[in-house]
Amino acid sequence: MASIPDPKAIEEAYLASAYSGVLCSMPRTVGNGDPIVYGSLHKSELMKLYTQYFVQKGKPARELYDLIKVSAGGKCPLCGGVGSVRTLDHYLPKSTFPLYSVMPANLVPCCRDCNTDKLDGFSESPDKQALHPYFDDSKFFTEKWIEAKVVPGLPPVIEYYVSAPENWSERDKSRVSCHFKYYRLASKFSVEAAADIPETIHVRRTIMSSISPYDFSMYLFEKGQTPALPINNWRRVMFSALAMDPWFCENLFDEI
Ligand SMILES: [Zn+2]
């Protein structure tokens, strides 16, 4: 009888790959069948381990599920807090990587949209992996890699795009582009901005109608610096873009 791999060793291998940014190299279970993956356990049984024993209320492991869920402070880390945490995402999808179906390191709290947006597949290329909030370099979360531009109109539209720092490696630049695409951040962020911008226009039309375009730009710039929000948060990026846009800063919106 083949020996069963030590779960601790499996977790250690996962962590080593996670810190090196090469989780795509972990062993996959491919094909449509239901092969044995671990000991005598089939792929389907490992997947059920999550849905029936980890997620279901009343099961002992549900406590761990709830603990992981609250660890994000309510805000989805995959879309920068646009959505609220409602579920757990398998960073390595359990359909392809059933071995990690209940491993906490592989379970990321997220919103329903992000959970749905992510496909079951997982790139085999290290430069196409989404960001893993637990393990990836802090620069992804402390340096600005999302920018926006203002499309003039009534109402104006904020378009978001990736602009990673020049000194980042090509792999890191590619990874943030992929993360941005996988979780449809351009669309999610623009929708949030569209709902938020009328308030700023109202401020410009009323209490700030007599200040100069320069002073209004400074006000917007300060709003974009608020340390309460992460650096790539849609609202911070939006205010920075508005502050830099002459059309927006010079417009009194008195035709509305
Ligand atoms: Zn999300």
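Counting starts from 1 at the beginning of each chain's written sequence and moves along it residue by residue. In keeping with the predicted nature of the model, local features appear solely for residues at pLDDT of at least 70, side-chain atom pairs appear and are counted solely at 80 or more, and the whole-chain, interface and lining totals rest on all residues. Only hydrogens and water are set aside; all other atoms, that is, all heavy atoms of the structure, feed into the side-chain values.

S.K.: Even after reading the chapter, I still don't get the coordination of the zinc ion, so can you show me in this structure?
M.R.: Ideal values differ by geometry: the angle at a metal is 109.5 degrees with four tetrahedral donors, but 90 or 180 degrees with six octahedral donors. Every protein donor of the zinc ion is accounted for by Cys76 (SG), Cys79 (SG), Cys111 (SG) and Cys114 (SG), and the metal-donor separations fall at 2.3 Å. Each metal's donors are the N, O and S atoms found within 2.8 Å of it, except that Na, K and Ca use a 3.2 Å limit; water is left out, so coordination can look incomplete. When four donors show all angles between 85 and 135 degrees the site is tetrahedral, when four or six donors have opposite pairs over 155 degrees and all other angles between 65 and 115 it is square planar or octahedral respectively, and in every other case it is irregular. Around the zinc ion sit 4 donor atoms, and with donor-metal-donor angles ranging over 104 to 115° the site reads as tetrahedral. In primary-sequence terms, the residues that donate to the zinc ion follow C-x2-C-x31-C-x2-C. Here cysteine 76, found in the loop between α3 (62–70) and β3 (87–90), pairs with cysteine 114, found in helix α4 (residues 112–117); they are 38 residues apart in sequence, far enough to count as distant. Pair check on accessibility: cysteine 76 and cysteine 114 agree, each one buried. Each helix corresponds to a stretch of at least 4 residues labelled H or I by DSSP, and each strand to a stretch of at least 2 residues labelled E; elements are numbered beginning at the N terminus. Here's how the labels work: a residue is buried when its accessible area is under 20% of the maximum for its type, exposed when over 50%, partly exposed in between, all with a 1.4 Å probe on protein chains only.

S.K.: Mind showing me how you'd approach the packing of helix α7 (residues 185–205) against helix α8 (residues 213–223) here?
M.R.: Each packed pair of helices is defined by two parameters, the angle between the axes and the distance between the axes. Here α7 crosses α8 at 145°, and the two axes come no closer than 12 Å. Crossing geometry of α7 relative to α8 is assigned as right-handed. Seen from α7, the contacting residues are Thr200, Val203 and Arg204; seen from α8, they are Pro213, Phe216, Tyr219 and Leu220. Side-chain classes are defined by residue name, with Ala, Val, Leu, Ile, Met, Phe, Trp, Tyr, Cys and Pro counting as nonpolar, Asp, Glu, Lys and Arg as charged, and the others, Gly among them, as polar. Its residues placed into classes, the contact of α7 with α8 shows 5 nonpolar, 1 polar and 1 charged. Note on geometry: axes are C-alpha line fits, over the in-contact stretch for helices, and angles between N-to-C directions span 0 to 180 degrees. By definition, any crossing whose near helix is turned counterclockwise from its far helix by less than a right angle is left-handed, and any crossing with a clockwise turn is right-handed. Between two residues, a contact is recorded if the distance between any of their heavy atoms is within 4.5 Å.

S.K.: Where do I start with the packing of α8 against helix α9 (residues 234–243) in this structure?
M.R.: Relative to each other, α8 and α9 sit at 160°, their axes nearing to 7 Å. When the axes of α8 and α9 are compared, the pair comes out roughly antiparallel. Where α8 crosses over α9, the handedness of that crossing is left-handed. The residues of α9 that touch α8, namely those facing Ser217, Leu220, Phe221 and Lys223, are Arg235, Phe239, Leu242 and Ala243. Roughly parallel covers angles under 35 degrees, roughly antiparallel covers those over 145, roughly perpendicular covers 65 to 115, and oblique covers all other angles.

S.K.: For this particular structure, what's the right way to read the domain arrangement of the protein chain?
M.R.: Interface size, as often reported, equals the accessible area lost upon joining of the parts. Each assigned domain of the protein chain is listed here: domain 1 (7–125) and domain 2 (139–250). Counting residues at the interface gives 14 residues for domain 1, matched by 12 residues for domain 2. Here's the idea: put two parts together, see how much 1.4 Å probe accessible area each one loses, and the total over both is what we call buried area. With both chains or domains summed, domain 1 and domain 2 bury close to 990 Å², and 50% of this area falls on carbon and sulfur atoms. Three residues, Leu78, Val82 and Asp117, lead the burial of domain 1 against domain 2; their summed loss comes to 47% of the area buried on that side. For salt bridges, the criterion is a side-chain nitrogen of Lys or Arg within 4 Å of an Asp or Glu carboxyl oxygen. The interface formed by domain 1 and domain 2 contains 2 salt bridges. The residue arginine 184 makes a salt bridge to aspartate 117 at a minimum N-O spacing of 3.2 Å. Throughout this description, a polar contact denotes any pair of N or O atoms lying within 3.5 Å of each other; where both atoms belong to protein, one of them has to be capable of donating a hydrogen while the other can accept it, and for residues adjacent in sequence the pair is counted only when both atoms sit in side chains. Inspection of the region where domain 1 meets domain 2 yields 5 residue pairs in polar contact (both at pLDDT 80 or more). Domains are outlined according to an automatic or database domain assignment.

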